[in-house]
Amino acid sequence: MTRTAEPAQRQTALSLIGLSRHFGTFKALDSISLEIEEGEFFTIVGPSGSGKTTMLRILAGLDQPTQGSLLLRGTDITRMPANQRPTAMVFQSLALFDHRSVGENVEFALKMRGMPKPERREQAFELLDLVHLGRDYYNRAVTQCSGGERQRVALARALASDPEILFFDEPLSALDYRLRKTLEVELRELQRRTGRTFVYITHSLEEAMVMSDRIGIMREGKLVQIGTPAEIYGQPKDRFVARFMGEVNIFEVSDHRLVDFEASVSTVKDGFLIVRPEMLHPVDAEDPGLHFEATIAEVFRLGSRVQLHLETVAGLLVSEQPASCQLKPNDAVRFGFDPDQTHSVPE
Amino acid sequence: MTRAWKYVGAIWLALVVVLLYLPILSVGLASLANTRYMRFPHRNWSIGAYTDALSQHETLVLHLTSLKVALLVTVLSVILATLGAMAFARYDWRGRSAFQKVVVLPIFFPQPVLGLALLLFFSALGFTPTWKTAVFAHMVWVLPIVTLVISIRLFGYDPAQEDAARDLGASRWQVLREVTLPYLSPGLISGGLFAFLLSWSNLPLSIFTTGADTTLPEWLFSRVATNYAPVVSAIAVIATLASVLLGCVVILILRLIDTHGIKGDGDHG
């Protein structure tokens, strides 16, 4: 991961200042403040209905905030209509123009600017190459393209307007797993190569982890936490974020006592311990930390690793071990983790 | 499917076609007779009826009256139906499902009843019935049908296309010209064709609402009933050919849109 600019030198591409969007009494967006840096891949993750799409539509100018303002490199663009903003969006439905050919879709933005046909076609060819479709696709009908091809057409069409910022509204959600993985990597690569700012929305943690420089977690119209993927995974702010970022075991601590295990914790007074599956492992007597009896309930082979469901005094827990792990259902093993090395959250 | 069934199918199809078109053909035959009564077989064949029809000023007046009614009905109902269909397909509003039911209601009235009701309505308001009131009357019946036809096209429409166009730099007018109308055009054209033909051939509503003006179907009806001559059949044939020609032109346009709109270079701007 080499970057030309140090974080300190980076400029702010987009500033959201107290952005709210109310629909009647419903607060779809509740005073969002955020700075997205130039050249950054910023992903907003949240469950459906958390306000992600509303936020993106306001950033693109397709919706107006009830309150707050939006700055693009320091210039207020809150009331600037969508067609004048130097941004482009890849829509969840892709919103391709079905009555136009692939080429006509790609050059739409150029046509709107009044660029003559031969130049438009030349640029469309380049863009089709850039998204790995090739110029043969120029005359094809978009209705004859596969899901992945349509995806690339949508991307090329958005890139055609040479936007300073690209928005993505869950564009990969309808694709199968393999294709999604390929396109995730390609998108990330494209973003690095072009150095553009990408703002991406997804409900898939995995997608966010793979691609993003920073992730913002949204819940009920609020930004709950902003950080790098590692920060969000390792130091979630609360149980909601912890659960949202994948499998997790959560143990309540009350007055330095780990409630489920009748054990004491020196580092935390009240709150919850966040124990990721990979931190829960089989132990020897001399290992530090908390040990307990566990019976293997289920074993799931996930390729490179194994997921174990354990029956313990604290109920059903999840552990993940390397694929070499030989444990079988009904095995009785001592498992443990080190509470002093564990991240904790107040709520 | 066995061979025998295929033959049965072919014969069935042939029967349907013959039974559908034989009556129209018989009008054509009647127009070629030189008698005051419709009867077969003809004693004298003649195209005199056509030369009569074409030389009579009345033929032109009848066609023009029907044409201006039908054209106005077409234009107005396509515009109104598009707005209604968009409001219905695109937005969620109070009374949306009630609108869906109310809008098709006029189709369920027997047309003579509707015609009489409209005549009473016009005279209550103090309007003298002319071809203009007939335009209104036709629209009451035609509009629901055109709305349905255009709605069907709109249901497959992703409104996000318009957002995408805006996002890519299109003004509101460009969005309409480049995205919405090209997508809708097959629906608008077939809706318009329906509107034209339904108005062109309408009798029951016209009878009550045209007042002193006479449309083609009205004239045909009265002349068939009382004062028949081969010229009546000749004019009927001319009117039929006119609407067939219109239908062919529309089908041709739709074909062109279909092939040209998707594949072609389509530089509409």
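The rules behind these values
Residues numbered from 1 in each chain as written. Chains lettered and ligands numbered in written order. Predicted model: local features only at pLDDT ≥ 70, side-chain atom pairs only at ≥ 80, totals over all residues. Heavy atoms only, no water. pLDDT = per-residue confidence, 0-100. Contact = heavy atoms within 4.5 Å. Core = buried A, V, L, I, M, F, W, Y, C linked by side-chain atoms within 4.5 Å. Buried < 20%, exposed > 50% of the residue type's maximum accessible area, 1.4 Å probe, protein only. Helix = DSSP H or I, 4+ residues; strand = E, 2+ residues; numbered from the N terminus. Buried area = accessible area lost by both parts, 1.4 Å probe. Salt bridge = Lys/Arg side-chain N within 4 Å of Asp/Glu carboxyl O. Polar contact = N/O pair within 3.5 Å; in protein donor to acceptor, adjacent residues only side chain to side chain. Nonpolar A, V, L, I, M, F, W, Y, C, P; charged D, E, K, R; others polar.

Some remarks on the confidence of the model for chain A
Per-residue confidence for chain A gives a mean pLDDT of 89; residues scoring 70 or more make up 97%. In the model, residues 1–5 of chain A has pLDDT below 50 throughout and makes seven contacts with residues more than four positions away in sequence or in other chains.

Some details on the nonpolar core
Counting 58 residues, the largest nonpolar core has L14(A), L16(A), M55(A), L59(A) and F167(A) as the members making the most contacts within it. The element contributing the most residues to this core is helix α6 (residues 131–155) of chain B, with seven residues. Apart from the residues lying within four places of it in its own chain, the contact partners of M55(A) are L16(A), L29(A), I32(A), L34(A), I44(A) and M218(A).

Observations concerning unusual backbone geometry
All names here are of chain A. Unlike most non-glycine residues, A95 shows phi in positive territory, near 55°. Locating A95 in the fold gives a position in the loop between β6 (87–90) and α2 (102–106). Even without being glycine, N330 reaches a positive phi, approximately 75°.

Brief notes about the interface of chain A and chain B
Between chain A and chain B, the residue contacts involve 30 residues of the former and 26 residues of the latter. Summed over both partners, the interface of chain A with chain B comes to about 2,300 Å²; 52% of that surface belongs to carbon and sulfur atoms. The largest per-residue losses of area from chain A upon contact with chain B belong to N83(A), H99(A) and M112(A), which jointly make up 28% of the total buried on that side. Our count for the chain A to chain B interface comes out at three salt bridges. We note a salt bridge from E178(B) to R100(A), for which the minimum N-O separation is 2.6 Å. One can count eight residue pairs in polar contact (both at pLDDT 80 or more) joining chain A with chain B. When contributions to the side of chain A that touches chain B are tallied by element, the ones reaching two or more residues are α1 (52–60), β6, α3 (108–112), α4 (117–130) and α5 (147–160) of chain A. Top contributing element to the side of chain A that touches chain B by residue count: α3(A), with four residues. Considering only residue class, the side of chain A that touches chain B consists of 15 nonpolar, seven polar and eight charged.

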